[in-house]
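Residue-level structural notes
Each chain, letter by letter, is given below.
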Amino acid sequence: MASHEQLRSELARRLRHPENLGIRFHTFRVGPEHILAVFIQGLAHEERVRLWVLEPMKHLPAAGALESGTLAEHFAAPYTRTVQSLDQAIDGILDGDTAVFLNGAALLIETAVRPGGAGPAAGVAESFGQGLIENVAAVRRRLRTPEFIAAALAAPGETGKAALLYVEGRAEQQLIGQVRSWAEQRAGEEQVRRGLAAGRAARIGLLPTLASVPWPGKTAVLLDAGYVAVLVDGIAEALVAPVTAPMLLQGPGDEHQRRALAGIKRFLRVLLAFVVILAPGMIVAVLEYHQEMIPTTFLLALASVRETATLPIVMVMAGLEVLQQLFWTVPFRLQFNISAGQMLITFLLTVTFLTFVGLTGPLTAVSAVLGFIGTLNVVSYDLRNLVQAWRWAGLAGAALFGLFGIATVIFLLAVYLTQHESFGVPFIGETGTRFTVSRRSSAQRERGNAYGSPPSSG
Amino acid sequence: MTLLSAQLSHPILLFPIQTIGNGTWIAVLLAGLLAILLYWPAAAALQRLGHGNLIDLARQAGGAPGEMAVALILGAALVFDAGAVMRETAEMTISFAYPHTPQTFAMVAVTMCALYGSSGRTVGIIRLGRLFLPGLLLTVLLVIAGSVGWGEPRFLLPLWGTGLQRILGDQVPLLSLFLPVLFPLLSVGEARDRQHLVRSGAVALGAYTALLSATTVVYLMAFPLPVGGSVAFPLHFMSRLTIGGRFLERLDGIWLCIWAFGTAIYLSAILHMAATALAGAFAFPSHRVAILPLGALAATVALFPPDMGRVLVDHFAAAPLFAAVAFGLPQALILLARLRRRGART
Amino acid sequence: MRRRRLLCILLLPALLLTACWDRTQLEDRYYVIGLGLDRHPSGKLLVSAQLAMAQLLAAGLLRGAAEPTESAVACRTLSTVAESIPQAMRILNASLTRSLTLKHLRAVVIGEDLGREGVEPYLMELWRHPESRGTELIAQARNDYAYRLLQECQPLGEINLSRVPEGYLLQQKRYHLAPPVRLHQFMIRMGVSGADPFLPSTALNSGIDRDPVELEAELESARAGELERVGGNRVEFLGTAIYRKDRLKGFLTVDETQLLLALRGEMGKAYVTFPDPITPERKVTLRFQQENLPRYRASFRDGAPHVNVDLLFEGEVLAVPGGTDYVPPAARGRLEAAAAREAERIIWPLLDKLRMWEADPVGFGLLFRGRFRDRDQWLAYKWEERVKELGVDVSVKMRIRRYGLHTGPDRTRGGR
């Protein structure tokens, strides 16, 4: 291998150091020579690095006494292996090992962090933590390529509080620049600096400027497809740009599915989103304007139940919507630690009680419960907000003008979504309507199409 | 394709069926072929131009006055069509689903959608059309499939209807069914690549012709003459017959709303085309400046006829004008541009 | 920007304060399931509306009524005299607390008097009505008023009125005792040149309260109201009412109905009992099935239209009380010939009747349409006036394919 300086600069170039957060270079002098240790913070276990690598490095004998092949004997680590090339060393570093270079010899010492047992939810549904380095490492663990960059975002007077993540060669330079300047500008704002806001929504609109992604797995997949992410220290989510429909429909673990199945799942999510938006409006429209659509036998059964009803259907649906919103917001306000399942069961019991006392009917109750379950299953937090907001619009449209009113509301939403662009990338672009993945031969493009449309500024 | 297919729910077949009878589907096929033949040179000329759209071609043909004249003609024709379609949609909605609702309320809803949809960028309308096309085609195909069982193929006889002469004579008004062909010719200026202009337009025209022809055949089987000649909205009537067992019948309310959605896209595109043409010719800062005035004009046109019958008669009477604008105008511009270039060389 | 927002905020309440003109709650409507049209002695239209009483139905665990209060179909029939159907609806609404709607109209019954006078104006009103779709079942009352049939209709075991037309439709499709016809089909055939419409006929059977031993033994093919039976619904659907354009001409028996459907290629399956060719004092029962569509050959003979029809049936032997073994080819051939003769025995008088009525329910005229250059030429031919000159030759072939679950003769003793 080359001289120490050449080696160091080559490693720095390949690992994008110092631009890339978390890449650590430690150099010690051993006689006339220098010994270099390289590891990635967060991937490599801090304590093991200190005990098995850095401490022994401080006490190495003079370089002349070190012969190649005996380097390993001076490190107390249980597992070490000698590597022959820089590529192998870099692969090891990206795996969480520490690479030690001396006199043309390179050694990999196993120091990788094994993610702690978080139960069956760990893996594809593993969430981000609070620390920036930890979160960067979580993404890097899933995207082991030297082109992955986690660059510190500079804000006036602040350092090390946020990072911009992207994969060189996948994300467009223009996009990287736009997101960087937007994030740095936000990071400089008073509220963000004081930790009061994650800084997502820069303006009033149906969609945020950056989408919230709580899973490192999905974040890694999106970065590989050319998206750009921002991680903020203390916030357990990645903020990803641009915001596109395929990205919002991407669920955790989709990357591990076969393509056709992932495509079908995505299609079903679109249907689910439509059902969740349209269900209350459709019930009102059909029961109050288009009663001919109900099968006669069913209609007469509904009419017989409605004989004892006290409220018009639109008021019942509106009341159930308010109840749903209460169930979504009250636990968080009162800081109840309640799981989704518990919320659902409580909602079900409440609606059953209301049906029993005659305030709602069986059909409206079923619709409300299905809407609740559907909302729970919407994979993206931002999409869930959009869907919940448009349920009200659909309900209002239905109350005013039946199915025609719903069509008007959906048309207005569709126009907004098709016109909307995020950092120059359309929300529903060329691949936005594609529910199965492309079969192009190039691995890079294929991967991009598998997980969402590669953002382009056209 | 979306804009063409959205017309299926409009009363486009009423007068052809009254004049041509059972041969309407043959007339539609011939009109489609003619449309492709007339579209080809216009699209090829724009493709060769390398940049710009039909308005730019008009500038080449007649300079600034020519450009303005063409923009005004296009604007007038498109606004008239938009007004007629707005009125027809409102009437259809009221007649089929909301008999107690005032017509103006339906008009307001339709106009609101058209104004909002047309105020965005062309690419947004294209995305909207692409998003909606599968659903639109699916509903049309379902209705066609559901209506086939109601008809008898022998109702189509005699095949030539009122005669071959009538079939050939009514080709010009039938060309007005392909008015949306102006959309690619006007929006090509914003496209990233123009090389597919000819092919994509021809494929869309061909597919629409096949679909319209199939719809006409099934309609004439299920609603033979003389009844078939008095139905203003064929696709809606066919949708009322669609039965899928005891639990899937009388779903025409859903079809009505899906097709109203398609009509909203159609109106958005029409107003957008008119605004774009005028903005290009008269150097407006943006096409949005023209949207509200054109929308108001279209709404005025819509409210002008005193009754539904008059709406249909006036709309059909303007059919030769639409055909001339959609196909004659581009051909004339190509010829004039060629003559001008030849004159400049000599 | 602020002005635009202010404008939107001001306009929005205006929009919200309007609208909802067509909004009606389920419980604010009466759903007309059946409609009867008769000619009143005064000359006006007698309209009867059969309303579903939803409040009298149980609805699963959550009931509108604590107990179903009706042991019969939960409905009421209202009648009035008017110039038109919409006028009649308006008159009936005057005494009701909920508005009538035809959105769920399932069946229309036409009285015989009205049928013979001409039904087109009234059915056109219905067809044009925005709430009617043309998918309603339509039937012709025989020897009676439609309102009486609506009032007396109490199918066995039914409480939900909406089930009644559906149930009759299912029976008609399964057993072909009467052809299922919807309003749209009737209107189309009434208007088109080259075919005439027909309807299932329905009537009250006044003999269902007798003692079973009083039932007639010698049975001929029955029309609606003539079935020899005891108990059940007084209203029966049987046979066909033949129309010439919009006027009722006459009624067919159930056997004639099945062969009319066979001529149209719509017979499906029918159960036929006729004398055993080998043991004439006994009768065999076969299930006729029309597997193939009839083959038509239309021609002109001396200027008059002529049609040759080939009918092919497949048969399944269901009952041979005479004990003959019809499996061997020779015996089978005799049975096939006898079955074909039985079919022809009904077809020739049927065709004579149709000729007498100058009606073309089969649609023979449609076979000739394609022979004309264009529509004007066809209309000039005036098929409606030529139909009485129509000559029809029918050849019937029967192929026995199956013998039920037993392949031997109907006996439990002795060998073959």
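Quick caveat: nothing in here was measured; it's all calculated off a predicted structure.

Digging into the overall build of chain A
- The number of helices and strands found in chain A is 15 helices and twelve strands.
- Looking at chain A residue by residue over its 458 residues, the buried ones come to 53%.
- Taking as baseline every contact in chain A between residues at least 6 positions apart, the subset at least 24 positions apart corresponds to 69%.
- Carbon and sulfur atoms make up 58% of the accessible area of chain A, which amounts to about 19,500 Å² in all.

Describing a positive patch on the surface
Residues and elements named next belong to chain B.
- Together, Arg48, Arg338, Arg341, Arg342 and Arg345 line one region of the surface with positive charge.
- Of the residues forming the positive patch, the biggest block, four residues, is contributed by helix 15 (residues 319-345).
- Note on Arg341: relative accessible area 41%, which makes it partly exposed.

Looking at the interface of chain B and chain C
- Chain B puts 31 residues into the contact, and the matching count from chain C is 35 residues.
- A per-residue breakdown of the area chain B buries against chain C is headed by B:Arg154, B:Arg240 and B:Arg250, which together make up 20% of the total.
- The interface formed by chain B and chain C includes two salt bridges.
- C:Arg133 is paired through a salt bridge with B:Asp252; the nearest N and O atoms lie 2.8 Å apart.
- The tally of links between chain B and chain C comes to eleven residue pairs in polar contact (both at pLDDT 80 or more).

Let's talk about the interface of chain B and chain A
- Each side of the interface is counted separately: chain B has 34 residues, and chain A has 30 residues.
- Summed over both sides, the interface between chain B and chain A buries roughly 2,900 Å², with carbon and sulfur atoms accounting for 69% of that surface.
- Contact with chain A buries surface across chain B, with B:Tyr98, B:Arg127 and B:Arg250 losing the most and accounting together for 23% of the total.
- For the interface between chain B and chain A, the tally reads two salt bridges.
- Ionic pairing is found between A:Glu421 and B:Arg121, a salt bridge with its closest N-O pair at 2.7 Å.

Quick notes on the sheet that holds strand 4 (residues 98-102) of chain A
All names here are of chain A.
- What the five strands build is an open sheet, ordered 1-2-4-5-3; its pairing is antiparallel. Edge strands, defined here as strands with exactly one partner in the open sheet, are strand 1 (23-30) and strand 3 (80-83). Taking each pair of neighbouring strands and ignoring which way they run, the sheet shows an average axis angle of 20 degrees.
- Bridge count between strand 4 and strand 5 (residues 105-109): five bridges; the pairing is antiparallel. Following the sheet pairing, Val100 is matched in strand 5 by Leu107.
- Against the sheet, helix 1 (residues 4-15) contacts strand 1, strand 2 (33-40) and strand 4, and its axis sits at roughly 175 degrees relative to strand 1.

Looking at the packing of aromatic side chains
- Evaluation of the coordinates by the stated rule reveals 32 aromatic pairs over all chains.
- For the ring pair A:Trp328 and A:Phe372, a centre distance of 5.3 Å and an interplane angle of 20 degrees mean the geometry is stacked. Linking A:Trp328 in helix 11 (residues 313-333) with A:Phe372 in helix 13 (residues 362-376), this pair joins segments that are 44 residues apart in sequence.
- Here B:Phe80 and B:Phe322 contribute two aromatic rings whose centre-to-centre distance is 6.1 Å and whose plane-to-plane angle is 45 degrees, an arrangement assigned as tilted. Here the residue B:Phe80 occupies a position in helix 4 (residues 54-96), and B:Phe322 occupies one in helix 15, the gap between them amounting to 242 residues.
- Assessed through its relative accessible area of 3%, B:Phe322 is described here as buried.
- Through a chain of ring-to-ring contacts, three or more aromatic side chains come together here, namely A:Tyr289, A:Phe401, A:Phe404, B:Tyr98, B:Phe105 and C:Trp21.
- Its end group placed over the ring of B:Phe237, B:Arg240 keeps NZ or CZ at 5.9 Å from the ring centre.
- Above the plane of the ring of C:Phe251 lies C:Arg142, whose end atom (NZ or CZ) is 5.8 Å from the centre.

A look at the state of the cysteines
- Counted by the stated rule, this structure contains zero disulfides over all chains.
- Counting only cysteine sulfurs, B:Cys257 is the nearest neighbor of B:Cys113, a cysteine outside any disulfide, at a range of 11 Å.
- Residue classification places B:Cys113 among the buried positions, given a relative accessible area of 4%.
- C:Cys153 takes part in no disulfide bond, and the closest cysteine sulfur to it belongs to C:Cys75, at a distance of 7.8 Å.
- In this structure C:Cys153 comes out as buried when scored by relative accessible area, which is 11%.

A word on the environment of A:Tyr166
Residue and element names in this part refer to chain A.
- Following the sequence through the fold, Tyr166 ends up in strand 7 (residues 162-167).
- Overall, Tyr166 belongs to the buried group, its relative accessible area being 5%.
- The sequence separation of Tyr166 and Ala220 amounts to 54 residues, and the corresponding C-alpha distance is 9.2 Å.
- With residues near it in sequence (within four places) discarded, Tyr166 still touches Glu19, Glu147, Phe148, Ile149, Ala171, Ile176, Arg180, Leu223, Tyr227 and Val228.

With respect to the sheet that holds strand 8 (residues 211-213) of chain A
Residue and element names in this part refer to chain A.
- The five strands are arranged 6-7-9-10-8 in an open sheet whose pairing can be described as antiparallel. Of all the strands in the sheet, just strand 6 (148-152) and strand 8 have a single pairing partner and so form its edges. Ignoring strand direction, the axes of neighbouring strands in this sheet form an average angle of 30 degrees.
- For strand 9 (residues 228-232) and strand 10 (residues 238-241), the ladder comprises four bridges, and the chain directions are antiparallel. Paired with Leu231 across the strands is Ala238, a residue of strand 10.
- Most of the contacts of helix 7 (residues 216-224) go to strand 7, to which it runs at about 55 degrees, and overall it touches strand 6, strand 7, strand 8, strand 9 and strand 10.

Here's the deal with the confidence of the model for chain A
- Averaged over every residue, the pLDDT of chain A is 79; the share at 70 or more is 82%.
- Low pLDDT, under 50, characterises residues 431-458 of chain A; the predicted model gives this stretch 62 contacts beyond four residues in sequence or across chains.

A word on the pattern of salt bridges
- For the structure on display, the rule yields 49 salt bridges over all chains.
- Of the charged contacts, one joins A:Glu421 and B:Arg127 as a salt bridge, the two residues approaching to 3.3 Å between their closest N and O atoms. Of the two residues, A:Glu421 is situated in strand 11 (residues 421-422) and B:Arg127 in helix 6 (residues 122-148); the pairing between them involves two chains.
- With its nearest N and O atoms 4.0 Å apart, the salt bridge here joins C:Glu314 to C:Arg402. Taken together, the residues span a long stretch of sequence, with C:Glu314 in strand 13 (residues 304-319) and C:Arg402 in strand 14 (residues 391-402) at a distance of 88 residues.
- Taking the relative accessible area as the measure of exposure, C:Arg402 reaches 40% and is therefore partly exposed.

Looking at the packing of helix 8 (residues 254-264) of chain C against helix 9 (residues 329-357) of chain C
Residues and elements named next belong to chain C.
- Contact geometry for helix 8 and helix 9: axes closest at 9 Å, N-to-C directions at 85 degrees. The orientation of helix 8 with respect to helix 9, classified from their angle, is roughly perpendicular. Contacts between helix 8 and helix 9 involve Asp255, Glu256, Leu259, Leu260 and Leu263 on the former and, on the latter, Ala343, Ile346, Ile347, Leu350, Leu351, Lys353 and Leu354.

Here's the deal with the environment of C:Glu266
Residue and element names in this part refer to chain C.
- Here Glu266 shows up in the loop between helix 8 and strand 10 (269-275).
- Expressed as a C-alpha distance, the spacing of Glu266 and Ser48, which sit 218 residues apart in the sequence, is 32 Å.
- Once residues within four sequence positions are removed from consideration, Glu266 is found in contact with His176, Leu261 and Gln290.
- Looking at Glu266, its side chain comes within polar contact range of the side chain of Arg264, at 2.8 Å.

Details of helix 2 (residues 85-93) of chain C
All names here are of chain C.
- Those residues of helix 2 that sit buried are Ile85, Ala88, Met89 and Leu92. Axial view of helix 2: buried residues confined to an arc of 100 degrees, hence all on one face.
- In the core, the buried residues of helix 2 are packed alongside strand 1 (29-39), strand 2 (45-52), strand 3 (75-82), strand 4 (99-101) and helix 4 (120-128).
- The N-terminus of helix 2 is capped by Ser84, whose side-chain oxygen sits 3.3 Å from the backbone nitrogen of Gln87.

Observations concerning a nonpolar patch on the surface
All names here are of chain B.
- On the surface, a cluster of nonpolar side chains totalling about 550 Å² of accessible area is made up of Leu30, Leu33, Leu159, Trp160, Leu164 and Leu168.
- Taken together, the elements giving at least two residues each to the nonpolar patch come down to helix 3 (24-49) and helix 7 (164-169).
- Assignment of secondary structure puts Trp160 in the loop between helix 6 and helix 7.

Rules and cut-offs
Chains are numbered independently. Their residues run from 1 in the order of the written sequence. Chains carry letters from A onward and ligands carry numbers from 1 onward, assigned in written order. Only residues with pLDDT of 70 or above have their local features reported here, since the model is predicted, and side-chain atom pairs are shown and tallied only from 80 upward, although totals for entire chains, interfaces and linings are computed over all residues. For the side-chain quantities, the full set of heavy atoms in the structure was used; hydrogens and water were omitted. Helix numbering and strand numbering both begin at the N terminus, where a helix is a DSSP run of H or I of at least 4 residues and a strand a DSSP run of E of at least 2. For every residue, the accessible area obtained with a 1.4 Å probe (protein chains only) is divided by the maximum for its type, and the residue is called buried under 20%, exposed over 50%, and partly exposed between those limits. Contact criterion: two residues are considered in contact whenever any of their non-hydrogen atoms come within 4.5 Å of each other. Under the convention used here, a 1.4 Å probe and the Shrake-Rupley method define accessible areas, while residue burial counts only the protein chains that appear. Here the term patch refers to residues with relative accessible area over 30% and no salt bridge, with like charges joined within 9 Å and nonpolar side chains (Val, Leu, Ile, Met, Phe, Trp, Tyr) within 5 Å. By salt bridge we mean one thing: a side-chain nitrogen of Lys or Arg within 4 Å of a carboxyl oxygen of Asp or Glu. Positive charges come from Lys and Arg, negative ones from Asp and Glu, while His and the chain ends are left out of the count. The atom standing in for a charge is NZ when the residue is Lys, CZ when it is Arg, CG when it is Asp and CD when it is Glu. What counts as buried area is the accessible surface, traced by a 1.4 Å probe, that two parts surrender upon association, with contributions from both included. Any pair of nitrogen or oxygen atoms within 3.5 Å is treated as a polar contact; in protein, a donor-acceptor pairing is required on top of that, and neighbouring residues in sequence qualify only through side-chain atoms on both sides. Strands pair, by our definition, only if DSSP identifies at least two bridges between them. Angles run from 0 to 180 degrees between N-to-C directions of axes, and those axes are lines fitted to C-alpha atoms, restricted for helices to the stretch in contact. Each Phe, Tyr or Trp ring (for Trp, its six-membered ring) is paired with any other whose centre lies within 6.5 Å, and the angle between the two planes then decides the class: stacked below 30 degrees, edge-to-face above 60, tilted in between. Cation placement over rings: the criterion is NZ of Lys or CZ of Arg within 6 Å of the ring centroid and within 35° of the ring normal. Whenever a pair of cysteine sulfur atoms sits within 2.5 Å, that pair is classed as a disulfide. Each residue carries a pLDDT score, the predictor's own confidence in it, on a scale running from 0 to 100. Put simply, angles under 35 degrees are roughly parallel, angles over 145 are roughly antiparallel, angles from 65 to 115 are roughly perpendicular, and the rest are oblique. By definition, the arc is the one covered by directions from the helix axis to the C-beta atoms.

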